[in-house]
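# Summary of structural features
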2 protein chains.
Amino acid sequence: MTGFGLDHLPYGVFSVSGGPRRVGVRYEDEAGDWVLDLFAATGRPEFDTPSLNAFLALGAEVWRQTRDEVRALAEDGGHTVPLDDVTLHLPVEVADYVDFYASLDHATNVGRMFRPDGDALTPNWRHLPIGYHGRAGTVVVSGTPVTRPSGQRKAPDDPAPTFGPSQRLDIEAELGFVVGTPSPPGVPVPVTGLADHVFGVTGLNDWSARDIQAWEYVPLGPFLGKSFATSISPWVTPLAALDAAWVDLPAQDPEPLPYLGPGATKGLDIDVEIELNGEVVSRPPYRTMYWSPAQMLAHLTVNGASLRTGDLFASGTISGPEPGQRGSFLELSWGGAEPFGADGHTFLRDGDVVVLRYSAPSVASGRLTLGEVAGRVEPARS
Amino acid sequence: MTGFGLDHLPYGVFSVSGGPRRVGVRYEDEAGDWVLDLFAATGRPEFDTPSLNAFLALGAEVWRQTRDEVRALAEDGGHTVPLDDVTLHLPVEVADYVDFYASLDHATNVGRMFRPDGDALTPNWRHLPIGYHGRAGTVVVSGTPVTRPSGQRKAPDDPAPTFGPSQRLDIEAELGFVVGTPSPPGVPVPVTGLADHVFGVTGLNDWSARDIQAWEYVPLGPFLGKSFATSISPWVTPLAALDAAWVDLPAQDPEPLPYLGPGATKGLDIDVEIELNGEVVSRPPYRTMYWSPAQMLAHLTVNGASLRTGDLFASGTISGPEPGQRGSFLELSWGGAEPFGADGHTFLRDGDVVVLRYSAPSVASGRLTLGEVAGRVEPARS
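The shown structure was predicted, so the numbers you read here are calculated from the model rather than taken from an experiment.

We now examine the pattern of salt bridges. Under the definition given, this model contains 46 salt bridges over all chains. Residues Asp350(A) and Arg148(A) are paired through a salt bridge, measuring 2.8 Å at the closest nitrogen-oxygen approach. Of this pair, Asp350(A) sits in the loop between helix H8 (329–332) and strand S23 (353–362) while Arg148(A) sits in the loop between strand S9 (146–147) and strand S10 (150–153), placing them 202 residues apart in sequence. Here Asp170(B) and Arg210(B) are joined by a salt bridge, their closest N and O atoms 2.8 Å apart. With Asp170(B) in strand S12 (residues 169–170) and Arg210(B) in helix H6 (residues 210–216), the pair connects residues that are 40 residues apart, well separated along the chain. Each of Asp170(A), Glu172(A), Asp206(A), Arg210(A) and Lys226(A) takes part in a single network of salt bridges with overlapping partners.

As C-alpha cells, this is what we get:
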C-alpha cells in the first residue's frame, strides 16, 4: 500500500484520453491504484468541471458529507479509472496566491547569508507571519516542465546589471493551503476559522531565481524572481484526512498579539523529502514551522481582505534546524559555497528533476502519502 | 460636453433596476449621457456577461472592429439607457494584479522620507521598473466604500507592536492597464507589444495603510498595508482613444537594457486631479512618469511569466516634481509633518471622500475625461 487508502481520499482533476476534465478522488486497494470518477458516481454537477472550485465553494458541511459518501463509493467499487490511465491537471483555479515565510530556521538561514553583519531576523519576524502576494496565473501542476527564467542580475561587485538566464535557480519546498469557503470584505477570519475556510493542503514548490530576486527585491519584495512558476501537487488532501497530524507548534516568543491566538497554535506533523535526480538530499520537517496555518489565515484577513474560493496560501520554505532539513538549495549549499548531494550540486542545472514528497501520520493506516510535486528544469529560451 | 464624445467610447459593465449585468459603452450627445447596451445592439454573446473579459479575450483586431461598429451605433442612436438609470459594476474580473513604482518623483519623495540618511533611490530603481503583486480579489469599483483597516503597527520608538485601526490611511493616485490578449508561458512580451495585449486604461486608487505597511514590508514587500482595497474606475478607456496622448518619456539615465527598449519609450499625457471632500488638493501629471507602460509590460513578462485576460497592472503613485503634483497624502503632508488643503489634512479621516479624475488630449474633441475613481472612508470595524 502506498499511502492512498480510504483514510486519505484526496481530490484532483483528471481526464482520460483527451476527454473532458472532471473531479476525481484517488484511492488504492489490493487490486491497484484508482481514480474514482465523482461525476460518473454521483451525477453532481460540481464534479463535471475542470477544477475543484465549484465543489470547494459548497462549504465545510458538504465537504464532510461528501467525504463519507466517497468512502462508501470506494468501498463499493465501480466508477473508477486506473490511475495509470489518467492525465492529471491543475486541481484548483487559483484566485489569489499568497506566500508566507513561516519557518524560523529558513528565515534565520537566509538572514545570516544575506545580512551577515546584522540580525538574522528582521524586527517584525517574531510578531507577525510575514507574507506577500505571488502570481496566481503561473501556478502549475506537478510534472509541468519549468523553463529557466531570464532577467536582470547584478552581483554586488558588478558595475551594472546584466541580462541573461538565471544562474542561481532554486526550489522552495513548501506546503500549500487551499481555501474553499470565501469570506466577505471587511470581516477578518478568526484564528479559530481555519477548518471553516480551508479545504485542504497540497505540496508546493515555489521555484525561485535567487540572482534575479536579490537584485529586484528591495524595497517592494520578490517579483520576477518568483513569478515564472509555482508547482503544486495534483492531489489536494482534505484537512479532514489530517486529524492525526496536528501537533503543538514550537514555542512562540514573544507571545503573539491576541488576533494571532496565543495558546491556540497547532502545526502539522508532515514529513517532506526533497529528491534531486533520484537522490534524497533533504528531509524538512513541517512540525518545526514557527507560525501555524491558522495564524497565517488570521493574519491574511485581519485587515478586512476577503477570501475567494480558490485562494492559495503557502507556508514558505520549510527548513528544520539541521543541515539535512533545509528546504532550498540556497540553504543546502549555503549560498553556493558548500556543494551538496552525490554530484556536488549548488543551484539547479538544466535537466535536473526535483520531486517533493510529503507524508503525514494517520491513525487508520499509519501513514498518508500526499500528492508529490515534480518538475524538470528546461534550458532558458534562446 | 463632458469628455465622453464619440472619440472616447469607454467600456463598462452596467445593470438596470437589479437586472443582469451586461457590457456597455458610455457616450454623450446633445440630449444627454448614455450607456449603449452592446448586447441589445449587437446580439453578441460576449456582451451578455458580467465582465469585459470575454470581449477582451477576442484580441486587438476585434477590439478595433468593435470600436468602429460602436461609433456607428452611437451615431444612429437606440439601444441606450440614460447614464443616470444604470448601476455600474467592476468592469473586469481581475486575474493577477501587479503594481509598479514607476514615478521618479514619488520614489524619490518616499526614499527621502523613509531613508533620510541614505540614497533616496535604491540602486536598482533606474535599471528596472520595480513592481510587486497585489491582491486581485480586493479590487473594487469606484464608489465602493473603503473600511479603515486594522492591523499591527509599530513606530520606531514603540517597545512592541500594537493592534488597531490604521492611523495613517492614504491614497495612491495611479493609472491602471487592463490586459486583454493573453500570452503563453515562457514567451516574453516585447517592448513593442503593448497594443497587442493591453486593451485600455482605468483610473486606480491603491488605498494604503502606511503604518501597517511600514512595519511589515521588510523584507518581502507590502502586504496587508495594501491588500484591503484597490479601487478602479467603472469605465475602461481603450488605448485606441488615446492616440493623441502619447508623448516622449522624460530622459532615462542610464539607458535601460535592450529588453526595455531604449529609444522606444512613450508615455501618456494624462492629467490627474485629486479631490478631497470637494477640494482639488493635487494635480499629478502622468507625463512625468519615468518608466513607460510598454516597459512595465515587457519587464513583467521577461522571465516567461504568462499573461491572462483580465490581468491588471498599475503605474504606482503618480507624482510630479512640484509639491502640488504629489499623488499620495504621505507626500502631500510630507509624512504627516505638513498639513495640506483647506482643513489641514495629513492622512485620511473617517468620512473623507476622495475622487480621482483623469483627462487626456484628443484631436477630435480637445479633451477626454476618463472614468473617475471615488471612495468614502468608513470607520474601522469595531
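To continue, consider the domain arrangement of chain A. All names here are of chain A. Parsing chain A into structural domains produces domain 1 (11–88) and domain 2 (97–378). A separation of 28 Å is found between the C-alpha centroids of domain 1 and domain 2. Listed per partner, the contact involves 18 residues of domain 1 and 18 residues of domain 2. For the pair domain 1 and domain 2, the summed buried area comes to about 1300 Å², and 73% of that belongs to carbon and sulfur atoms. At the boundary of domain 1 and domain 2, one finds zero salt bridges. Inspection of the region where domain 1 meets domain 2 yields one residue pair in polar contact (both at pLDDT 80 or more).

Turning our eyes to something else, we now look at the sheet that holds strand S2 (residues 22–29) of chain B. Hydrogen bonding along the main chain pairs the strands of a sheet, whether they run parallel or antiparallel. Residues and elements named next belong to chain B. Sheet architecture is open: five strands sit in the order S4-S3-S2-S1-S5, paired in antiparallel fashion. Every interior strand has two partners, whereas the edge strands, strand S4 (80–82) and strand S5 (86–89), have only one. Averaged over neighbouring strand pairs, the angle between their axes works out to 50° when direction is ignored. In this fold helix H3 (residues 60–76) packs onto strand S1 (11–16), S2 and strand S3 (32–37), with an angle of close to 50° to the strand it touches most, S1.

Attention now moves to the side chain of Gln252(B). Residue and element names in this part refer to chain B. With respect to the element layout, Gln252 can be found in the loop between strand S18 (246–248) and strand S19 (266–268). Classification of Gln252 as buried rests on a relative accessible area of 16%. At 2.8 Å, the side chain of Gln252 and the backbone oxygen of Tyr290 are in polar contact. Within the structure, Gln252 has its side chain in polar contact with the side chain of Gln295 (distance 2.9 Å). When neighbours within four sequence positions are excluded, Gln252 is seen to be in contact with Thr265, Tyr290, Trp291 and Gln295.

What follows is about the environment of Asp37(B). All names here are of chain B. You can see Asp37 is positioned in strand S3. The buried category is assigned to Asp37, whose relative accessible area is 9%. Each C-alpha atom, one on Asp37 and one on Ile130, is 39 Å from the other, the two residues being 93 residues apart in sequence. Apart from the residues within four sequence positions on either side, Asp37 is in contact with Phe14, Arg22, Val23 and His79.

Now for the sheet that holds strand S1 (residues 11–16) of chain A. Residues and elements named next belong to chain A. Reading across the sheet, the five strands line up as S4-S3-S2-S1-S5 and stay open at both edges, with antiparallel pairing between neighbours. The outermost strands of the open sheet, each flanked by one partner alone, are strand S4 (80–82) and strand S5 (86–89). Going from strand to strand, the sheet's axes swing by 50° on average, the running direction of each strand aside. Sheet topology places strand S2 (residues 22–29) next to strand S3 (residues 32–37); six bridges connect them, and they run antiparallel. Residue pairing across strands places Arg26 opposite Val35, the latter belonging to S3. Contacting S1, S2 and S3, helix H3 (residues 60–76) runs over the sheet at an angle of about 50° to S1.

This next bit is on the environment of Thr144(A). Residues and elements named next belong to chain A. The topology assignment puts Thr144 in the loop between strand S8 (139–141) and S9. Classification of Thr144 as partly exposed rests on a relative accessible area of 25%. Taking the C-alpha atoms as reference, Thr144 lies 25 Å from Gly344; in sequence the two are 200 residues apart. Contacts of Thr144, omitting those with residues within four sequence positions, involve Ala374 and Gly375. Among the polar contacts made by the side chain of Thr144, one reaches the main-chain carbonyl oxygen of Val141 at a distance of 2.7 Å.

Now for the layout of surface pockets. In this structure, the largest pocket encloses a volume near 720 Å³. Listed by contribution, the elements that provide at least two residues to the lining of the largest pocket are helix H4 (104–114) and H6 of chain B. Ranked by residues supplied to the lining of the largest pocket, first place goes to H6(B) with four residues. Of the residues that constitute the lining of the largest pocket, the class distribution is nine nonpolar, five polar and seven charged. Each pocket or cavity is described by its volume, and for the second largest pocket that value is around 610 Å³. Lining the second largest pocket are 19 residues, with Lys154(A), Ala155(A), Pro156(A), Ala214(A) and Trp215(A) sitting closest to its centre. When residues of the lining of the second largest pocket are assigned to their parent elements, the largest contribution, four residues, is made by helix H6 (residues 210–216) of chain A. A class-by-class count of the residues in the lining of the second largest pocket yields eight nonpolar, five polar and six charged.

What counts, and at which threshold
Residues numbered from 1 in each chain as written. Chains lettered and ligands numbered in written order. Predicted model: local features only at pLDDT ≥ 70, side-chain atom pairs only at ≥ 80, totals over all residues. Heavy atoms only, no water. Salt bridge = Lys/Arg side-chain N within 4 Å of Asp/Glu carboxyl O. Helix = DSSP H or I, 4+ residues; strand = E, 2+ residues; numbered from the N terminus. Domains from an automatic or database assignment. Contact = heavy atoms within 4.5 Å. Buried area = accessible area lost by both parts, 1.4 Å probe. Polar contact = N/O pair within 3.5 Å; in protein donor to acceptor, adjacent residues only side chain to side chain. Pairing = 2+ DSSP bridges. Axes fitted to C-alpha atoms, helices over the stretch in contact; angles between N-to-C directions. Buried < 20%, exposed > 50% of the residue type's maximum accessible area, 1.4 Å probe, protein only. 1 Å grid on protein atoms, 1.4 Å probe; cavity = no way out; pocket = protein on both sides within 12 Å on 5 of 7 lines; lining within 4 Å. Points joined across faces, edges and corners; volume = space filled by probe spheres on them. Nonpolar A, V, L, I, M, F, W, Y, C, P; charged D, E, K, R; others polar.

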